[in-house]
Amino acid sequence: MAPSTSTKSASPTITLLIVCPDKVGIVASLTGFITTHGGNLVDVDFHTDHEENLFLGRLEWDQSSFSLPRETLHTHFSQLCDPFGGRWSLHFSDTPQKVAVFVSLQDHCLLDLIWRGKEFGGEVALVVSNHETLREKVEKYGIPFHVFKITSATKQAQEQAQLSLLRDHNITTVILAKYMQILSDAFLTAFPNVINIHHSFLPAFVGGKPYHQAHTRGVKLIGATAHFATPTLDAGPIIEQDVVRVSHRDTVEDLVRKGRDVERVVLARAVRLHLLNRVLTYGNKTVVFE
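Residues numbered from 1 in each chain as written. Predicted model: local features only at pLDDT ≥ 70, side-chain atom pairs only at ≥ 80, totals over all residues. Heavy atoms only, no water.

**Considerations on the pairing of strand β6 (residues 122–129)**
The line we're drawing: With a 1.4 Å probe rolled over the protein chains alone, any residue whose accessible area is under 20% of its type maximum counts as buried; one over 50% counts as exposed, and the rest are partly exposed. By the criteria applied, helices consist of DSSP H or I runs no shorter than four residues and strands consist of E runs no shorter than two, each listed in order from the N terminus. Paired strands are those between which DSSP finds at least two bridges. Handedness of a crossover is defined as follows: orient the strands so they point away from the viewer, and if the path from the first strand over the helix to the second runs clockwise, the crossover is right-handed.
The buried fraction of β6 is high, at seven of eight residues. Pairing geometry for strand β5 (residues 97–103) and β6, over seven bridges, is parallel. From the neighbouring strand, F102 faces β6, where its bridge partner is V128. Remark: the β5/helix α3 (residues 108–116)/β6 crossover connection has right-handed handedness.

**Considering the side chain of S78**
To be explicit about the condition: It only takes one pair of heavy atoms within 4.5 Å for two residues to be counted as in contact.
Looking at the secondary structure, you find S78 in helix α2 (residues 73–81). Those residues within four positions of S78 in sequence are excluded, and the remaining contacts are P83 and W88.

**Some points on helix α8 (residues 252–275)**
Worth spelling out the cut-off: Multiplying one less than the number of residues by 1.5 Å gives the expected span of a helix.
Taking 1.5 Å per residue as the helical rise, α8 with its 24 residues ought to reach 34 Å, and the 34 Å between its terminal C-alpha atoms agrees with that figure. At the exit of α8 stands N277, carrying a positive phi of roughly 60°.

**Examining the confidence of the model for the chain**
Where we set the bar: Per residue, pLDDT captures the predictor's confidence, and it can take any value from 0 to 100.
Here the chain averages 92 in pLDDT, while 94% of its residues score no lower than 70. Long-range and interchain partners of residues 1–8, a stretch whose pLDDT sits below 50, account for 17 contacts in this model, where long-range means more than four residues apart.

**With respect to the environment of H108**
Note the cut-off: Identification of polar contacts relies on pairs of N or O atoms within 3.5 Å, with a donor-acceptor requirement for protein atoms, meaning one able to donate a hydrogen and the other able to accept it, and with residues adjacent in sequence counted only if both atoms are side-chain atoms.
Its place among the elements puts H108 in helix α3. Classification of H108 as buried rests on a relative accessible area of 4%. Excluding residues within four positions of it along the chain, H108 makes contact with K178, R260, E263 and R264. Separated by 2.7 Å, the side chains of H108 and E263 make a polar contact.

**Examining the nonpolar core**
Note the cut-off: We define a nonpolar core as any set of buried Ala, Val, Leu, Ile, Met, Phe, Trp, Tyr and Cys residues linked to one another through side-chain atoms lying within 4.5 Å.
V101, L110, L113, V127, I197, L267 and V271 are the most contacted members of the largest nonpolar core, which has 32 residues in total. Counting only elements with at least two residues in this core, the list comes to β5, α3, β6, β9 (194–199), β10 (221–228) and α8. Tallying contributions element by element places α8 first for this core, with eight residues.

**Describing the sheet that holds β6**
Counted only if it meets this: Axis definition: a line fitted to C-alpha atoms, limited for helices to the stretch in contact. Angles are taken between N-to-C directions and run from 0 to 180 degrees.
With mixed pairing, the seven strands of this open sheet are ordered in space as β7-β6-β5-β8-β9-β10-β11. Single-partner strands in this sheet number two, and they are β7 (145–147) and β11 (238–245). Strand-to-strand twist in this sheet, taken as the mean axis angle between neighbours without regard to direction, amounts to 20°. Bridging between β10 and β11 involves seven bridges; their strand directions are antiparallel. When the sheet's bridge partners are listed, T225 is paired in β11 with Q241.

**Description of empty space enclosed by the protein**
Formally: Two kinds of site are reported from a 1 Å grid over the protein atoms alone, namely cavities, where a 1.4 Å probe fits but cannot get out, and pockets, open sets with protein on both sides within 12 Å along at least five of seven lines, and residues are called lining when an atom falls within 4 Å of a point. Grid points are joined across faces, edges and corners, and a volume is the space filled by probe spheres set on the points. Asp, Glu, Lys and Arg are counted as charged, while Ala, Val, Leu, Ile, Met, Phe, Trp, Tyr, Cys and Pro are counted as nonpolar; the rest, among them Gly, fall into the polar class.
This structure, assessed with the given rule, holds one cavity of 30 Å³ or more. In this structure, the largest cavity occupies an estimated 40 Å³ of space. Elements with a minimum of two residues in the lining of the largest cavity: β6 and α8. Taken together, the residues of the lining of the largest cavity break down into seven nonpolar, two polar and one charged.

This is the structure:
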């Protein structure tokens, strides 16, 4: 597993994420504002991309000692951060994040996310599938299971129904846990906060049986990649990756088993980092503050 990304504070916290052109005084302005208003900083991390001349920062502080009322924070931080000419967002640890998991027939990533439960700082509020196969496995955990049959003729209407379901349940993140459908550009425009998991052979071994192809080719490493979904298939900003070694002794079944194991772990890491507000995107890249 990745190193712990929890803070030592047991109290609710506020997190500021910011991406803006780099300049002198950003850190002093941000930390000074927070501490002036009684905020006890519990985790602070920054990165400068010198090639892009960008400053990327994450500041987390104890909410209990912070003197500014929550309902006024957007106004105060607009005044503080807007002059930097970038983008910023505030996140509250006591505001539950609801996740929807999209899945087809494979259950290994889905069940792992359910079993991990609250360690992500969110909850699996519902599951969406294009098959009935996993209904019983999901509903035994008390999680609603929704089936949307997808064909070329019904795809547009079904995606609109899926988006309506996400809105009705206040879903903040969609996780594609081996969902074997390609989300349309319209879906991703309407709901861009989507995380996908796939094997790391792409683009070398495309199609439905990548591990069979890898075994035939005699690969020595297999792995998995978790990334944000974008209209360009399997090419969004990468959040997490990992690999495991394989050898000539491994059968196709061994590769599939090892591949599923690494997919579980990589997706879990990515989801946890995202829900803990430790991932910043810029361009087609990410900064991950572990």
